[in-house]
2 protein chains.
Amino acid sequence: MTVKKSKFTDTQQLISKFANALANPVRISILELLANQSCCYHGDLSAELPVANSTLSQHLKVLKDAGLIQGEINPPKTKYCINLENWGLAKGLLIGFFDSKIHSYKCD
Amino acid sequence: MTVKKSKFTDTQQLISKFANALANPVRISILELLANQSCCYHGDLSAELPVANSTLSQHLKVLKDAGLIQGEINPPKTKYCINLENWGLAKGLLIGFFDSKIHSYKCD
DNA sequence: TATACATTTCGTAAGTTTACGAACAAATAA
DNA sequence: TTATTTGTTCGTAAACTTACGAAATGTATA
């Protein structure tokens, strides 16, 4: 029973994990559509986005694995929503990151 | 002379571009070190980070291409800094993204 | 001129991502 | 029961990422 120790802090790893989920314009679109609640079902998203259904499922899985969304399966339909808790966490971490000590920044 | 029209807005593409630059813990570390100004030279970063010099150069190039940092080459040394303008742009875009219409969010 | 130093570029290997269509699954309708 | 609808999973190809060491670069110094 060993615990793998990383060379990076938990925060650093979390930030990069969330950033990775945002690192694709299809996924940004998905999150915008969900956040605006103009859509919730896979099919609604599919109608708006220029990718095949199978590709969309892959992107949804990436977002789900990152914790930014959650899905409720009621075959044959699947409804997706933002995961508000992690959404807030990601927001806080990223804002904190961008705020860090940059106020007094001066490159000599 | 043709202009390639994307299926995504400029903002969506910019957000994913910046997010992509943040999507790796080595690069998060680099940005933290630069933002904290504990280091500015490649060599200083190299001493702190668990990757080979050539790998570090690659990561620095990714950050530079994304516009988040800038480098000043004075061989044999190279000094890196945060690009404050784009740092602010990235911050603003991400804050805007995470704030979008999520306040009244309710999944029915 | 030759040597040393700090960093980048090159070559390459292993792994990951993104995309698609085909096949599959699960509930419902005909 | 068979067909239809809605999504997911599988197989696969092309492109991209991350990593390393070796070689190259460009200035300063011996």
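In case you missed it, the structure is sitting above this.
Because the structure is a prediction, the values reported are computed rather than measured.

A. Layout of the relation of the copies chain A and chain B. It takes a turn of 180° to lay chain A on chain B, together with a shift of 0.0 Å along the axis; the resulting RMSD is 0.1 Å. Read as a symmetry element, the transformation amounts to a two-fold axis. For chain A, the smallest separation between a C-alpha atom and the rotation axis is recorded for Ala 19 of chain A, amounting to 2.4 Å. Of all interface residues in chain A, 100% are interface residues in chain B too; the two copies therefore contact each other through one and the same surface.

B. Representation of the protein's contact with DNA strand D in the model. DNA strand D sits among 20 residues. The nearest are His 42, Ser 57 and Tyr 80 of chain A together with Gln 58 and His 59 of chain B. A distance of 3.1 Å separates a sugar or linking oxygen of DNA strand D from a polar atom in the side chain of Thr 78 of chain A. Between DNA strand D and Ser 54 of chain B, the relevant distance is 3.0 Å, taken from a base oxygen to a side-chain nitrogen or oxygen of the residue. Broken down by secondary-structure element, the contributors of at least two residues to the surface near DNA strand D are helix H3 (42-48), helix H4 (53-66) and strand S2 (77-82) of chain A together with helix H4 (53-65) of chain B. Of the residues contributing to the surface near DNA strand D, the split by class is seven nonpolar, eleven polar and two charged.

C. Representation of the protein's contact with DNA strand C in the model. By nearness alone, 19 residues border DNA strand C, and Arg 27 and His 59 of chain A together with His 42, Ser 57 and Tyr 80 of chain B come closest of all. For DNA strand C, the backbone portion of the atoms within 4 Å of the protein, that is sugar and phosphate, comes to 65%. One nitrogen or oxygen atom from the side chain of Arg 27 of chain A is found 2.8 Å from a phosphate oxygen belonging to DNA strand C. Contacts to DNA strand C include Ala 52 of chain A, whose backbone N or O atom sits 2.9 Å from a phosphate oxygen. Contributing elements (two or more residues each) for the surface near DNA strand C: H4 of chain A together with helix H3 (42-48), H4 and strand S2 (77-82) of chain B. Broken down by element, the residue count for the surface near DNA strand C peaks at four residues, all from H4 of chain A. By residue class, the composition of the surface near DNA strand C is six nonpolar, eleven polar and two charged.

D. A look at unusual backbone geometry. All names here are of chain A. A cis amide bond links Pro 75 to the next residue, Pro 76, at an omega of 5°. Inspection of the secondary structure assignment puts Pro 76 in the loop between strand S1 (69-74) and S2. In this structure, Gln 37 is a non-glycine residue whose phi angle is positive, near 55°. Along the chain, Gln 37 turns up in the loop between helix H2 (25-35) and H3. Since its relative accessible area comes to 30%, Gln 37 is described here as partly exposed.

Cut-off values and rules
- Residues numbered from 1 in each chain as written.
- Chains lettered and ligands numbered in written order.
- Predicted model: local features only at pLDDT ≥ 70, side-chain atom pairs only at ≥ 80, totals over all residues.
- Heavy atoms only, no water.
- Least-squares fit on C-alpha atoms with pLDDT ≥ 70 in both.
- Contact = heavy atoms within 4.5 Å.
- Near = heavy atom within 4 Å.
- Polar contact = N/O pair within 3.5 Å; in protein donor to acceptor, adjacent residues only side chain to side chain.
- Helix = DSSP H or I, 4+ residues; strand = E, 2+ residues; numbered from the N terminus.
- Nonpolar A, V, L, I, M, F, W, Y, C, P; charged D, E, K, R; others polar.
- Buried < 20%, exposed > 50% of the residue type's maximum accessible area, 1.4 Å probe, protein only.

These figures come from the coordinates and say nothing about function on their own.
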